[in-house]
Amino acid sequence: QAYCGTLTTYIGLTKSNTIYDARFFSLAQDNWASSFEYWNITWLRCSLLCLLVYSVLAFVILLASLGFFGILALIFWGALSLIWSIFMGHLSWYCIVVNNGCCGNVGYLIWALLYVLSCCIHFVGGLNAAKLIYLLLLIPSFYCGLSCWKLGAGTTAREIAGAVQGAAQGARNAH
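Right, let's walk through the structure included here. (Residues numbered from 1 in each chain as written. Predicted model: local features only at pLDDT ≥ 70, side-chain atom pairs only at ≥ 80, totals over all residues. Heavy atoms only, no water.)

Considerations on the layout of surface pockets
Note the following rule: Grid spacing is 1 Å over the protein atoms alone, the probe is 1.4 Å, and a cavity is where that probe fits but cannot get out, while a pocket is an open set with protein on both sides within 12 Å along at least five of seven lines and lining residues have an atom within 4 Å of a point. Grid points are joined across faces, edges and corners, and a volume is the space filled by probe spheres set on the points. Elements are defined by DSSP. Helices are runs of H or I of four residues or more, strands are runs of E of two residues or more, and each kind is numbered from the N terminus. Lys, Arg, Asp and Glu make up the charged group, whereas Ala, Val, Leu, Ile, Met, Phe, Trp, Tyr, Cys and Pro make up the nonpolar group; the residues left over, Gly among them, are polar.
By volume, the largest pocket amounts to about 580 Å³. Around the largest pocket sit 23 residues that line it, and Tyr 54, Trp 77, Ser 81, His 122 and Tyr 134 are the ones nearest its centre. For the lining of the largest pocket, the element with the most residues is helix α4 (residues 68-98), which contributes nine residues. Its volume calculated, the second largest pocket comes out at about 170 Å³. Forming the walls of the second largest pocket are Ile 19, Tyr 20, Phe 25, Tyr 38, Trp 39, Thr 42, Arg 45, Cys 46, Leu 49, Leu 136, Ile 139 and Pro 140. Of all elements in the fold, only α3 (32-64) and α6 (138-174) reach the threshold of two or more residues within the lining of the second largest pocket. Looking at the lining of the second largest pocket, the element that brings in the most residues is α3, giving six residues. Each residue belonging to the lining of the second largest pocket can be placed in one class, and the counts come to 10 nonpolar, one polar and one charged.

Dropping the structure here:
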């Protein structure tokens, strides 16, 4: 119930947050949760813009080559991408901003990895001219990941790396 109740707040943020705020480009922030919120909204806006531009370009290319089944696939995958972008944007905002990470530092690490993955997934299956628009997601994805890192993902990653290093050292000593 609490999650669904925040959707209207989140949609309101997408309409009211500033498009450009130079202070959020800094690598040193006083409030990383606010930084995440700004970049999360920017990520959602960029995702929707990329989807629109990609869909129009792909539609024109498919129409010119009479790829009618490709157009149907484009509509299907475009709808899924739209739903995914809104869902991921809202859920990550809810977990990180509203619930302070939801799962603690591990949650921040998972979200940081998801933002990197969500940026890279658009280039699976090859790169074409229409997909180049998704390079726009690099900047907000980087800052969302950085915000998560500063909020606690970095601590968890260092703990995991230390545990792996300790296990490897233990295995070497056992032989």
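Examining the state of the cysteines
Test applied: Disulfide: a pair of cysteine sulfur atoms within 2.5 Å of each other. Using a 1.4 Å probe on the protein chains alone, a residue whose accessible area is under 20% of its type maximum counts as buried, one over 50% counts as exposed, and one in between counts as partly exposed.
Throughout the structure, instances matching the rule amount to zero disulfides. For the unlinked cysteine Cys 144, the closest cysteine sulfur is that of Cys 148, found at 6.8 Å. Accessibility expressed as a relative area gives 0% for Cys 144, which makes it buried. Relative accessible area serves as the criterion here: at 0%, Cys 148 is assigned to the buried category.

Focus on α6
Under the convention used in this document: Every helix has an expected span of 1.5 Å times one less than the residues it contains. Here the bend at a residue is taken as the angle between two axes, fitted respectively to the seven residues that end there and the seven that start there. Contacts: residue pairs with any heavy atoms within 4.5 Å of one another.
The terminal C-alpha atoms of α6, which comprises 37 residues, lie only 44 Å apart, well short of the 54 Å expected from a rise of 1.5 Å per residue. Along α6, the largest kink reaches about 70 degrees and is centred on Lys 150. Of all the positions in α6, only Pro 140, Ser 141, Tyr 143, Cys 144, Gly 145, Leu 146, Ser 147, Cys 148, Gly 152, Ala 153, Gly 154 and Thr 156 are classed as buried. Residues of α6 that are buried in the fold lie against α3, α4 and α5 (105-120).

Let's talk about the packing of aromatic side chains
Put simply, the rule reads: In this analysis, rings of Phe, Tyr and Trp, with Trp reduced to its six-membered ring, are considered paired at centre separations within 6.5 Å, and the interplanar angle assigns stacked below 30 degrees, edge-to-face beyond 60, and tilted for intermediate values.
Within this structure, the stated rule accounts for 13 aromatic pairs. Taken together, a centroid distance of 5.2 Å and an interplanar angle of 85 degrees make the contact between Tyr 3 and Tyr 94 edge-to-face. Placement of Tyr 3 in helix α1 (residues 2-5) and of Tyr 94 in helix α4 is noted, with a sequence separation of 91 residues between them. The exposure class assigned to Tyr 3 is partly exposed, which follows from its relative accessible area of 22%. The buried category is assigned to Tyr 94, whose relative accessible area is 13%.

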